[in-house]
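If you want the building blocks of each chain, they are given just below.
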Amino acid sequence: MSEEPKNPVREAILELTAARGVGGTIAPEDAAKAVSADRWQKLLPDVRAEAVRLAKDGVIAIYRKGKPADPETFKGVYRIGLPGKVVGAPSGG
């Protein structure tokens, strides 16, 4: 009975990023809408918080402008994906 309680936001993030695979990303809105099409906007802070937790654990990565962002300090528009190279992202040189 020590099973973790279900977290629909976490599950949506994991399912959607897995479906995109390495190199693909999702918008936070995608995860929120997967949980609730009616109240997705209210879920955006939960999506961000869960994305930060998952990124700190190395399960997913948070991207800004196609580059991995620090989950502790990123600001603004972001996307969520699996760790690895994002398709269409500028190469690091």
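Residues numbered from 1 in each chain as written. Predicted model: local features only at pLDDT ≥ 70, side-chain atom pairs only at ≥ 80, totals over all residues. Heavy atoms only, no water.

K.L.:
Describe in detail the packing of helix 1 (residues 8-20) against helix 2 (residues 28-35), supporting the description with residues and values.
P.N.:
Taken N-terminus to C-terminus, the directions of helix 1 and helix 2 make an angle of 125°; their axes are 9 Å apart at the nearest point. As summarised for this structure, helix 1 and helix 2 are arranged oblique, according to the angle between their axes. Crossing of helix 1 against helix 2: the hand is right-handed. The residues of helix 2 that touch helix 1, namely those facing Pro-8, Val-9, Ala-12, Ile-13 and Leu-16, are Asp-30, Ala-31, Ala-34 and Val-35. (Axes fitted to C-alpha atoms, helices over the stretch in contact; angles between N-to-C directions. Helix = DSSP H or I, 4+ residues; strand = E, 2+ residues; numbered from the N terminus. Parallel < 35°, antiparallel > 145°, perpendicular 65-115°, else oblique. Left-handed = near helix turned anticlockwise from the far one by under 90°. Contact = heavy atoms within 4.5 Å.)

K.L.:
Residue-level account of the sheet that holds strand 3 (residues 67-68), with values.
P.N.:
Reading across from one edge, 1-4-2-3 is the order of the 4 strands in this open sheet, with antiparallel pairing throughout. Each having just a single partner strand, strand 1 (25-26) and strand 3 make up the two edges of the open sheet. In terms of strand pairing, strand 2 (residues 61-64) meets strand 4 (residues 79-81) through 3 bridges, oriented antiparallel. Bridge assignment links Tyr-63 to a residue of strand 4, and that residue is Arg-79. (Pairing = 2+ DSSP bridges.)

K.L.:
Summarise the environment of Leu-54; cite the residues concerned and give the values.
P.N.:
Tracing the backbone shows Leu-54 in helix 3 (residues 40-56). Residue classification places Leu-54 among the buried positions, given a relative accessible area of 0%. Sequence-wise, Leu-54 and Leu-14 are 40 residues apart; in three dimensions their C-alpha atoms are separated by 9.1 Å. (Buried < 20%, exposed > 50% of the residue type's maximum accessible area, 1.4 Å probe, protein only.)

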